[in-house]
Amino acid sequence: MERLEIGFIGIFAILALIGIRVPIGVAMGSTAFFGIWAMMGLGPAIGISKAIPFNLIGDWNLSAIPMFLFMGFVAVEAGLTRGLFGAARIFLARIPGGLASSTVFASALFGAASGSSVATSAAFSRIAIPEMLDGKYNPGLATGSVAASGTLAALIPPSVLMIVYCLLVDSSINTLFMAGVVPGILTAAAFIIMITLRCVLNPELAPRYVDKTTGAEKWALIRDAWPLPVITFIVMGGIFTGAFTATESGAVGAFLACIIAAIRGRLNYPMLRRALIDTASGTSAIFMIVLGAALFARFVALATIPTWVMGFFEGYETMTIVICICIILVLMGTFMEEISIMLLTMPVLVPVLSSHGIDLTWFGILVIKLMTIGLISPPVGMNVFVIKSALGDRVTLNQIFGGVTWFIIVDLFVLAALIAFPQISLWLPNLMMSR
């Protein structure tokens, strides 16, 4: 059997294993092992399976993952994320659809700490949606704003998804972090503008909010909310100025979160124990996925699949290739989880992108953006099902998917802008490198 045929059989095998809920890391690693065995024999398969994990785990860049996870878990466990929605509400609640816009703003800040879209959606399902529903907000607008703004966690750095992408394509984590700042802000601003315009045109979507918060309560909310923006500013400012690397910035963020938690009297053994256990669990899961992806990348290369794909796209214009890849990734995002898509496609696509001179940092932001669209797209829409699980019978899946449709449309416009104007993503990294 030809190597290319073995390669495609391996890809279909992985998809089948994912379909029956085999963990993605195990599916990719085991398929790669047996695929290399079929092509080269048992000895080379064992040798590659031993060498790749040893070399990969020794990569210093991987240490950024547990540091940022620990920073986020400490921030959440110590209550440093409390007050974000209330503080945002003070400034935005009076505009049309202000509670939904406050959710977008607060979710962006929360996502910067948690790095998890699912965690952000779950948190605001309990914080923001009940208040909006009690305020007679349209259920689609209330749930859609939470589901969509939860995706900002993947786009606004520090993001674990960005770190995984950089490891797959051998790109700079610092550079991709900087590249995500402006698109993340642009997406949040576009969501808020869309919410405001819809509520101006149809006031029944969001009745006027009556703020009954006293001055003392407002000050307390602002006092509760300041730590997270300060930590994020220091972390990203340090990366931008070159004061520390992405890995060091994660350690700095975790240290600052612990210091602020201690000052507030919330740093204790049970809290630290939960944060450390969650960090170890999350890191182990991610490392298993990355190891499986590394073995899969070697299998794909040996099977000459990248060469076949390069031949398929030969003669096409660069922008045509980018648009075709985006369409494929969007379609995959409607039925697959985002990390699975990235791990399956990047080993195949990177040689194609490199051969056409496509900037991997710019393309990385497009990939992350496409993954965020998948998080709220039917039929999978992970964030949608998280919200449905949190709210039970209070809303229906149809209402949530109907609500996120408006945000998907906005996301597609933002994606088009990112494709048409690469400098939206590359301006800040170029400014950083010119310093």
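Residues numbered from 1 in each chain as written. Predicted model: local features only at pLDDT ≥ 70, side-chain atom pairs only at ≥ 80, totals over all residues. Heavy atoms only, no water.

If you look the protein up in an unreviewed UniProt entry, it shows as TRAP transporter large permease protein from Mesorhizobium retamae. Taken from UniProt, the Sequence similarities (unreviewed entry) comment for the protein reads in full: "Belongs to the TRAP transporter large permease family." As stated in UniProt under Subcellular location (unreviewed entry), the record for the protein gives "Cell inner membrane". (UniProt positions renumbered as here; feature names shortened; annotations may be inferred.)

**Student:** Just checking my understanding: could you explain the overall build of the protein for this structure?
**Tutor:** What the protein contains, in helices and strands, is 23 helices and zero strands. Against the 2.2 N^0.38 benchmark of 22 Å for 435 residues, the protein shows a C-alpha radius of gyration of 22 Å, consistent with a compact globule. Dimensions along the principal axes, computed over C-alpha positions, put the protein at roughly 75 × 50 × 50 Å. A buried classification covers 54% of the 435 residues belonging to the protein. A fraction of 78% describes how many contacts in the protein between residues 6 or more apart in sequence connect residues 24 or more apart. For the protein, the distance from the average position of its 22 positive side-chain charges to the average position of its 20 negative side-chain charges is 12 Å. (Helix = DSSP H or I, 4+ residues; strand = E, 2+ residues; numbered from the N terminus. Rg over C-alpha atoms; globule rule 2.2 N^0.38 Å. Buried < 20%, exposed > 50% of the residue type's maximum accessible area, 1.4 Å probe, protein only. Contact = heavy atoms within 4.5 Å. Lys, Arg positive; Asp, Glu negative; His and termini not counted. Charge placed at Lys NZ, Arg CZ, Asp CG, Glu CD.)

**Student:** Looking at this model, I keep getting lost on the side chain of Ser125. Mind explaining?
**Tutor:** Secondary-structure assignment places Ser125 in helix H7 (residues 117–127). At 2.6 Å, the side chain of Ser125 and the backbone oxygen of Ser121 are in polar contact. Excluding residues within four positions of it along the chain, Ser125 makes contact with Pro130, Val146, Ile387, Ala390 and Leu391. (Polar contact = N/O pair within 3.5 Å; in protein donor to acceptor, adjacent residues only side chain to side chain.)

**Student:** Explanation requested: unusual backbone geometry in the structure shown.
**Tutor:** With the exception of glycine, the majority of residues adopt a negative phi angle, and the majority of peptide bonds are in the trans configuration. Despite not being glycine, Asp170 shows a phi value in the positive range, around 60 degrees. Inspection of the secondary structure assignment puts Asp170 in the loop between helix H11 (160–169) and helix H12 (173–201). Overall, the relative accessible area of 72% leaves Asp170 in the exposed class. Notably, Thr304 is not glycine yet its phi reads approximately 60 degrees, a positive angle.

**Student:** Looking at this model, I keep getting lost on the nonpolar core. Mind explaining?
**Tutor:** Nonpolar side chains tend to gather and get buried jointly when the protein is soluble and globular. The biggest cluster of nonpolar side chains holds 156 residues, and the ones touching the most others in it are Tyr165, Phe177, Met342, Met346 and Phe363. It is helix H16 (residues 269–302) that contributes the most residues to this core, 14 residues altogether. Setting aside chain neighbours within four positions, we find Met342 in contact with Leu161, Val164, Tyr165, Leu168, Pro347, Val367, Ile368 and Met371. (Core = buried A, V, L, I, M, F, W, Y, C linked by side-chain atoms within 4.5 Å.)

**Student:** Can you help me understand empty space enclosed by the protein in this one?
**Tutor:** Remark: the empty space left among the atoms is shown by a probe the size of a water molecule rolled over them. What the rule picks out here adds up to two cavities of 30 Å³ or more. Empty space within the largest cavity amounts to approximately 60 Å³. For the largest cavity, the full set of lining residues is Gly333, Met336, Glu337, Glu338, Ile341, Met371, Gly374, Leu375, Val380 and Met382. Counting residues per element, the ones that place at least two in the lining of the largest cavity are helix H19 (338–355) and helix H20 (360–374). Here the residues of the lining of the largest cavity are counted per class, giving six nonpolar, two polar and two charged. (1 Å grid on protein atoms, 1.4 Å probe; cavity = no way out; pocket = protein on both sides within 12 Å on 5 of 7 lines; lining within 4 Å. Points joined across faces, edges and corners; volume = space filled by probe spheres on them. Nonpolar A, V, L, I, M, F, W, Y, C, P; charged D, E, K, R; others polar.)

**Student:** It is not clear to me how the layout of surface pockets should be interpreted in this structure. Could you clarify?
**Tutor:** One number sums up the size of the largest pocket: a volume of about 1100 Å³. What lines the largest pocket is a set of 37 residues, and nearest its centre among them are Val118, Glu337, Glu338, Ile339 and Met382. Secondary-structure elements contributing two or more residues to the lining of the largest pocket are helix H1 (3–19), helix H4 (64–77), helix H6 (98–114), H7, H11, H16 and H19. A per-class count over the lining of the largest pocket returns 23 nonpolar, nine polar and five charged.

**Student:** Would you mind showing me how to read the side chain of Ser249 here?
**Tutor:** Topologically, Ser249 is positioned in helix H15 (residues 246–263). You can call Ser249 buried: its relative accessible area is 0%. Not counting the four nearest positions on each side in its chain, Ser249 is found in contact with Phe68, Val235, Ile239 and Phe244.

**Student:** How should a nonpolar patch on the surface be read in this particular structure?
**Tutor:** On the surface, Phe34, Trp37, Leu42 and Ile46 cluster together to form a nonpolar patch covering roughly 380 Å² of accessible area. Contributions of two or more residues to the nonpolar patch are made by helix H2 (24–40) and helix H3 (42–57). Along the polypeptide, Phe34 turns up in helix H2. (Patch = residues over 30% accessible without salt bridge, like charges linked within 9 Å, V, L, I, M, F, W, Y side chains within 5 Å. Areas by Shrake-Rupley, 256 points an atom, 1.4 Å probe, with all protein chains shown as cover. Salt bridge = Lys/Arg side-chain N within 4 Å of Asp/Glu carboxyl O.)

**Student:** Would you mind showing me how to read the packing of aromatic side chains here?
**Tutor:** Geometrically, a pair of aromatic rings is defined through the distance of the ring centres and the angle of the planes. Summed over all chains, the structure comprises nine aromatic pairs. Aromatic pair Phe296 and Phe299: ring centres 6.4 Å apart, planes at 45 degrees, arrangement tilted. A residue pair is termed a helical-turn pair when its members lie 3 or 4 positions apart in one helix, as Phe296 and Phe299 do in helix H16 at three residues. Among the residues examined, Phe296 registers a relative accessible area of 0% and is labelled buried. Its relative accessible area of 0% is what places Phe299 among the buried residues. Grouping aromatic residues by their ring pairs yields a cluster made of Phe33, Phe34 and Trp37. (Phe/Tyr/Trp six-rings, centres within 6.5 Å; stacked < 30°, edge-to-face > 60°.)

**Student:** Mind showing me how you'd approach the pattern of salt bridges here?
**Tutor:** One side chain can pair with another of opposite charge once the charged atoms of both are near each other. Enumeration over the complete set of coordinates arrives at three salt bridges. A salt bridge links Arg394 to Asp134; the nearest nitrogen and oxygen atoms lie 2.7 Å apart. With a gap of 260 residues between them, Arg394 in the loop between helix H21 (382–391) and helix H22 (397–420) and Asp134 in helix H8 (residues 129–134) connect regions that are remote in the sequence. Residue Asp411 pairs with Lys369 through a salt bridge whose shortest N-O separation is 2.5 Å. Of this pair, Asp411 sits in helix H22 while Lys369 sits in helix H20, and the two are 42 residues apart along the sequence. This pair shows no difference in class: Asp411 is buried, exactly as Lys369 is.

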